[in-house]
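# Results of the structural survey
Spelled out from the first residue to the last, the chains are:
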Amino acid sequence: MIAALSELAAEVQRKRTVASVLETAGRGVLRLGMRLYAFQVSGEDLVLHSLATARSRLIAIEGHIGRPLRGLRAPISSLPLASEVVRARRIIHRDDLDLFHSFMREATNFDPASLDASPETAGINNGVLAPIFVRDEPWGLLGVVSPTLTGNDADAVSLFATHVGSALEVAESIETLEKTNRELSTCYAELARAQAELIERERLGALGELAAVVAHEMRDPLCVLFNSIGGLRDFVSSGAPPEKLADATAFAAMADEEAARLNQIVSDLLGFAHPHPPALRVGSLLPVLEAVASATAPDGRVRIEIDGELPPVELDALFLQQALLNLVLNGLQAIAKDGTVTVRASTTTVGSDTFVCVDVSDDGPGIPADVRASIFEPFFTTKPSGTGLGLAVVKRVVDAHGGRLAVESGKRGTRFGVMLPAVGK
Ligand SMILES: Nc1ncnc2c1ncn2[C@@H]1O[C@H](COP(=O)(O)OP(=O)(O)OP(=O)(O)O)[C@@H](O)[C@H]1O
Ligand SMILES: [Mg+2]
């Protein structure tokens, strides 16, 4: 008896759900020629959790009460035997056990004793009741019923109830964990949905901002274009004398210039909206610096300094040139007439990594503290005719080169530092 029950206990302990723990216990006890019932304490009630008995008897009882047995409940105070087992933590062996019958009378008004004439229910009154504890708290009780049980089997049944209790403890923990996991998955899904919504909202917001910038940027050139075309039309329709030809040429030149400006704005915006991926090649930064120098030479306020020999980097020359030019232009727009923008290229090491650094610094008034956090945002500008794309492009280009971008700004000017990883060092 002890050996058979402890073997069954081992099987029960491999189960991972509360239902399968009790089901396995019930089926195993039936296999041993006995019957089992398990009650769970729920508040002031005792709830029938499982009943392992002859199938025909189960069907007969459920047929009489018209509902499943599992889940039936009755006040524990109306069942003195159960109170004694659960509350006083006692193991009871009796040959006149009537717990199940009393429970059924309390819960349904139906007394299954009326069915006990059948041979498979004979001896139903002889059995052992033992408390089940989960985390040292009374979970409920287990009844094992068989005509052959004696007082000597009480300890074996009680030990089995202990094993069932620890299996229930594990199963409950797993079920709680799985429930938490499911809740967590729901939370993640919810989070992903909220994030997608946020991105969409931001996208729409950015689109609105873009529309405002485009409208603002285009209004001035369009105004000039309309005026110029109006002037030309007047000239043609009034059959103006040839000496007015110079005016007409001026109108045409203005229209040309403004159309070119519009074209530039549109291509800047398109370039930002649909950037080409950079075509990275290993090479020297020198040609890029030379291109920046020659593009800014007419201004005369840009100084280029190259510190020693620069190791090669992976670069897209056109992209980098555009980024550095944006930084130099910002510097030129910030400084006074006699100010200076310095582009200084050097090599530096951080830990075991070597970088080629290009610092673009100016002696302008610096970036006001309250706008510093926004300068890399697309369309952020403090200039009446800026698009606010310059630094956004710089950041994108530096990121695409696997580089780092730093900015320092104070009263004595601004420094943008671009660091590109050196190759082969
Ligand atoms: N060297 C600098 N000194 C002071 N402020 C600067 C400097 N560089 C950038 N800024 C500030 O950062 C803002 C954003 O610069 P960004 O280059 O992105 O746009 P922008 O120069 O205003 O317009 P765009 O470059 O598109 O014509 C500027 O409007 C300016 O307020
Ligand atoms: Mg700019």
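Going by the structure above, here's the rest.
All residue numbers here refer to positions counted from 1 along the written sequence of the relevant chain. Numbering of ligands from 1 and lettering of chains from A proceed in the order in which they are written. In keeping with the model being predicted, local features are shown solely for residues with a pLDDT of at least 70 and side-chain atom pairs are shown and tallied solely at 80 or more, while totals for entire chains, interfaces and linings include all residues.

## Observations regarding the sheet that holds strand β10 (residues 341-350)
- Pairing between strands is defined by DSSP: at least two bridges between the two strands are required. Helix numbers and strand numbers start at the N terminus; a helix is a DSSP run of H or I with at least 4 residues, a strand a run of E with at least 2. Strands sit in the order β8-β10-β11-β13-β12 across an open sheet of five strands; the sheet is mixed. One side of each edge strand has no neighbouring strand; the edge strands of this open sheet are β8 (302-306) and β12 (404-410). Shown here is a sheet whose adjacent strand axes are inclined to one another by a mean of 20°, direction ignored.
- As judged from the ten bridges shared by β10 and strand β11 (residues 353-362), these two strands associate in the antiparallel manner. Each residue of the ladder has a partner; that of T349, found in β11, is T354.
- Any residue pair is listed as a contact if its two C-beta atoms, each placed from the backbone, are within 7 Å. Every angle, taken between N-to-C directions, lies between 0 and 180 degrees, and every axis is a line fitted to C-alpha atoms, over only the stretch in contact when it is a helix. Strands in contact with helix α9 (residues 317-334) are β8, β10, β11 and β13 (413-421); relative to β11, the strand with the most contacts, it is inclined by about 30°.

## Details of the environment of I375
- Here I375 lies in the loop between α10 (369-372) and α11 (390-400).
- Distance in space between the C-alpha atoms of I375 and G390 is 9.3 Å, their sequence separation being 15 residues.
- Those residues in contact with I375 that lie beyond four places of it in its chain are I367, F380 and L391.

## A word on helix α2 (residues 18-31)
- The terminal C-alpha atoms of α2 lie 20 Å apart, and with 14 residues this matches the ideal 20 Å at 1.5 Å per residue to within 8%.
- Looking at α2, one finds that the buried residues are V18, V21, L22, T24, A25, G26, G28 and V29.
- Tucked inside the fold, the buried residues of α2 contact α1 (2-12), β1 (35-42), β2 (45-52), β6 (137-145) and α6 (154-237).
- Residue G33 follows α2 closely and has a positive phi angle near 85°. Here a helix's expected span is defined as the number of its residues, less one, multiplied by 1.5 Å. Exposure in this text rests on C-beta crowding, where 20 or more other C-beta atoms within 10 Å of a residue's own make it buried, 12 or fewer make it exposed, and counts in between make it partly exposed. The C-beta atoms are placed from the backbone.

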